[in-house]
Amino acid sequence: MKKKTSIPLLLLASGALLMHACKKDEKAVAPPVPGNEFLTTVKIRAVNTQDPADVQVASWTDTTLIAHPADSINTPVLNLKAHATYNAEVLFLDETKSPAGDVTSEIRERQNYHLICFSGSTSLPLTVKRTDLDTNSPALEVGLEDLFTTGAAGTGQLNVQLRHQPNAKNGSCEPGSTDADVTYTINIK
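Thresholds applied
Residues numbered from 1 in each chain as written. Predicted model: local features only at pLDDT ≥ 70, side-chain atom pairs only at ≥ 80, totals over all residues. Heavy atoms only, no water. Helix = DSSP H or I, 4+ residues; strand = E, 2+ residues; numbered from the N terminus. Areas by Shrake-Rupley, 256 points an atom, 1.4 Å probe, with all protein chains shown as cover. Phe/Tyr/Trp six-rings, centres within 6.5 Å; stacked < 30°, edge-to-face > 60°. Buried < 20%, exposed > 50% of the residue type's maximum accessible area, 1.4 Å probe, protein only. Pairing = 2+ DSSP bridges. Axes fitted to C-alpha atoms, helices over the stretch in contact; angles between N-to-C directions. Disulfide = S-S within 2.5 Å. pLDDT = per-residue confidence, 0-100. Contact = heavy atoms within 4.5 Å. Salt bridge = Lys/Arg side-chain N within 4 Å of Asp/Glu carboxyl O.

1. So, the overall build of the chain
The helix and strand tally for the chain stands at two helices and ten strands. Secondary structure elements of the chain, listed N to C terminal, follow the sequence α-β-β-β-β-β-α-β-β-β-β-β. With an accessible surface of roughly 11700 Å², the chain has 56% of that area assigned to carbon and sulfur atoms.

The structure is reproduced here in structure tokens:
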């Protein structure tokens, strides 16, 4: 007696194999681990290349994760001079601890998985160039260290995003997920 296998059963079996094969290509994302750092503060520190005494700092802080201070999220303002160039650095802190945890060093250690993305409003006369590179081959920009170049006086918004791009970093802001997304008001006088 000949054994018959129905076509729908064959299609179902091959579909199940295909779905299993697709799952092998997916990368598991690890859940947050208790005790990991929080990002409570994103700070920009800018030093004028022509006047080292001209140091400007703006901090975005979310204290809703800190037990004792009042809950708040501030609106940071960075004041820069017109037609100037600043060496800028972006710093990430965990201020739920005392002293504050330095998340920047962890990002620097894992620089091949991180990219800081900047997006300015159309009214903002500021250009940002990332100056630090990771160890990928070819090397890709990181954005913890940058060059800010101002134009004429003006005001606008600068959005700063920390993109987490494990096994996906390609120099663009598209792949990965966002670890921090903050906006600064930039005054250029």
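What follows continues from the structure just given.
2. As for the packing of aromatic side chains
A complete count under the given rule lists one aromatic pair for this structure. Consider the rings of Phe118 and Phe148, whose centres lie 6.2 Å apart with planes at 85°: the pair is edge-to-face. Linking Phe118 in strand β6 (residues 114–120) with Phe148 in strand β8 (residues 145–150), this pair joins segments that are 30 residues apart in sequence. For Phe148, a relative accessible area of 0% corresponds to the buried category.

3. Section: the sheet that holds strand β3 (residues 77–80)
Here we have four strands laid out as an open sheet, ordered β3-β10-β9-β6, and mixed in their pairing. Edge positions in the sheet fall to β3 and β6, since each of these pairs with one other strand and no more. Neighbouring strand axes in the sheet, compared pairwise and without regard to direction, differ in orientation by 30° on average. Sheet topology places β3 next to strand β10 (residues 177–188); four bridges connect them, and they run parallel. Bridge pairing in β10 links Val77 to Thr185.

4. Comments concerning the state of the cysteines
When the sulfur atoms of two cysteines share a covalent bond, that bond is a disulfide. Per the stated rule, a full pass over the model turns up one disulfide. The side chain of Cys117 participates in a disulfide bridge whose partner is Cys173; the two sulfur atoms lie 2.0 Å from each other. The chirality of the disulfide connecting Cys117 with Cys173 is left-handed, given an S-S dihedral of about -115°. Placement of the pair is Cys117 in strand β6 and Cys173 in the loop between β9 (154–164) and β10, with a sequence separation of 56 residues.

5. Concerning the confidence of the model for the chain
This prediction gives the chain a mean pLDDT of 83; 76% of its residues lie at or above 70. This stretch, residues 1–34, has a pLDDT under 50; its non-local contacts, to residues over four places away or in other chains, come to two contacts.

6. Considerations on the pairing of strand β4 (residues 85–94)
Sheet topology places strand β1 (residues 41–48) next to β4; eight bridges connect them, and they run antiparallel. Residue pairing across strands places Val42 opposite Phe92, the latter belonging to β4. Of the strand pairs in this sheet, β4 and β8 are connected by five bridges, and their pairing is antiparallel. Note that in β8 the partner of Ala88 across the bridge is Asp146. Alignment of β4 against strand β5 (residues 101–102), held across two bridges, turns out to be antiparallel. Looking at the pairing, Asp94 lines up with Gly101 of β5. In sequence, β4 turns back onto β5 through a hairpin of six residues.

7. Thoughts on the pattern of salt bridges
Scanning the model with the defined rule gives five salt bridges in all. A salt bridge links Glu141 to Arg130; its shortest N-O distance comes to 2.7 Å. Placement of the pair is Glu141 in the loop between β7 (126–130) and β8 and Arg130 in strand β7, with a sequence separation of eleven residues. Take Glu141: its relative accessible area is 29%, and that puts it in the partly exposed class.

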